[in-house]
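# An overview of the molecular structure
One-letter residues, chain by chain:
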Amino acid sequence: MVSSEQDTVFRIALGMMKGINPQVVRRMIEVGLTVEDFFTLDLLSVSDALGLNSKTGFGASDREVAIDRAKREYAFTSRHSVKVISLLDDNYPWLLAETPDAPVTLYMLGDADLNSLHTISVVGTRKPTQYGVNFCKQFCTDLGGYFPDLTVVSGLALGIDSAAHTAALEMNLPTVAVVAHGLDTLYPAANRDLARRIIRSGGAIVTEYPSGSTPYAARFLERNRIVAGLSQLTAVIESPIKGGAMSTANLAFNYNRDVVSLPGRVTDPVSAGCNLLIRREKAHLLTAAADVIELMDWKPLGKHIEPRQRNLFPELEGIAGRIYEILKFESEPITIDTLHLRTGLSVPELMSALTDLEFDGIITRQPGSRYSIS
């Protein structure tokens, strides 16, 4: 029987081994191969148990190197109260564990519950407009008002990430910052105070990288899969077509998680990515916290959301009337692209009118950003 310290060293070392991925770890669990077995049995026994070629990089010397590195990392985590969470552990975030590329090891500074029943990721551009910042804060505030256990996940970057973390802190909600480096440093330096506030408030800083790991472009992209994987839903609030937020949104979509996106004017580059996600039906339209509550079918405890009232026979004019006249004769919901073709209206005009009609309870948004008469 190994000590708790030795077991933690083994788990850290497992995440440092080349060739160890979620599939191998799941195979270990399936066949009953413990982490102690992995590091103490001979290569042939390990390979046979896992059904792998013995030429994999799990030789004695490779495992010894990993153990030596893990001992140094264990000393660091012990000095700084960093929690080590392995994919082998029962407390590993269950949503993240479902993803095919889940990190084998997580390092966490803080006390956040990574298995909260209501968890959202909020991402966006580092250079948002004031409109985007204001919406982000209002959105997190409103949603947190309905769900006091809400956990807000983001990436600690400047811009929308910072706005989301700050809004959560102001509502006394736990917030989790996923970073692209080891926990012996913090990037960006401008957010060091924000990081301290996150930890003091019951949130956490999370990474898959051991101490000494510095941030660079590829690691930010790798980090995004954790942001997407930890949450039931990802909200994109202002993003150009190319950027980390789009990467996170596409990852969430590929994980079969819900994505919502704040629409913007077609002339605003900062909203081009959000509009594209909606147009390609990778994201639902986001106009308010109520959209997420409806989409996720979350039930606010002890609170009632007033149903939206509507005129059963509305008299509509202009753009709204054109949209209504098309929808009222359709037996199935139709997409924004179809409405765009049939009305000749621009996408921003359509989005604005559809939002108003939905708010008035005249139309209903269906999965896949399709619309029908309510």
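These numbers were taken from a predicted model, which means no experiment stands behind them. (Residues numbered from 1 in each chain as written. Predicted model: local features only at pLDDT ≥ 70, side-chain atom pairs only at ≥ 80, totals over all residues. Heavy atoms only, no water.)

### Looking at the sheet that holds strand β12 (residues 370–373)
Reading across the sheet, the three strands line up as β10-β12-β11 and stay open at both edges, with antiparallel pairing between neighbours. Strands with a single pairing partner mark the edges of an open sheet, and in this sheet they are β10 (334–335) and β11 (363–366). One ladder, built from four bridges, connects β11 with β12; its direction is antiparallel. In the strand pairing of β12, T364 is matched with S372. (Pairing = 2+ DSSP bridges. Helix = DSSP H or I, 4+ residues; strand = E, 2+ residues; numbered from the N terminus.)

### Details of the packing of aromatic side chains
Under the defined criterion, the tally for this structure stands at five aromatic pairs. Ring geometry for F10 against F39: centres 5.5 Å apart, planes inclined by 5 degrees, an arrangement best described as stacked. Linking F10 in helix α1 (residues 4–16) with F39 in helix α3 (residues 35–40), this pair joins segments that are 29 residues apart in sequence. Like F39, F10 is buried. Consider the rings of F38 and F39, whose centres lie 5.0 Å apart with planes at 75 degrees: the pair is edge-to-face. In terms of burial, F38 and F39 fall into one category: buried. Aromatic ring contacts, followed pair by pair, group F10, F38 and F39 into a single cluster. (Phe/Tyr/Trp six-rings, centres within 6.5 Å; stacked < 30°, edge-to-face > 60°. Buried < 20%, exposed > 50% of the residue type's maximum accessible area, 1.4 Å probe, protein only.)

### Quick word on the sheet that holds strand β9 (residues 284–285)
With mixed pairing, the nine strands of this open sheet are ordered in space as β1-β2-β6-β5-β4-β3-β7-β8-β9. Since the sheet does not close on itself, it has two edges, and those belong to β1 (83–86) and β9, each with one partner. Here four bridges tie strand β2 (residues 105–110) to strand β6 (residues 204–207), and the two strands are oriented antiparallel to one another. Among the inter-strand pairings, G110 is bridged to a residue of β6, identified as A204.

### A word on the pattern of salt bridges
Under the definition given, this model contains ten salt bridges. Ionic pairing is found between R225 and E208, a salt bridge with its closest N-O pair at 2.6 Å. Of this pair, R225 sits in helix α10 (residues 217–229) while E208 sits in the loop between β6 and α10, placing them 17 residues apart in sequence. Assigned by exposure class, R225 and E208 land together as buried. (Salt bridge = Lys/Arg side-chain N within 4 Å of Asp/Glu carboxyl O.)

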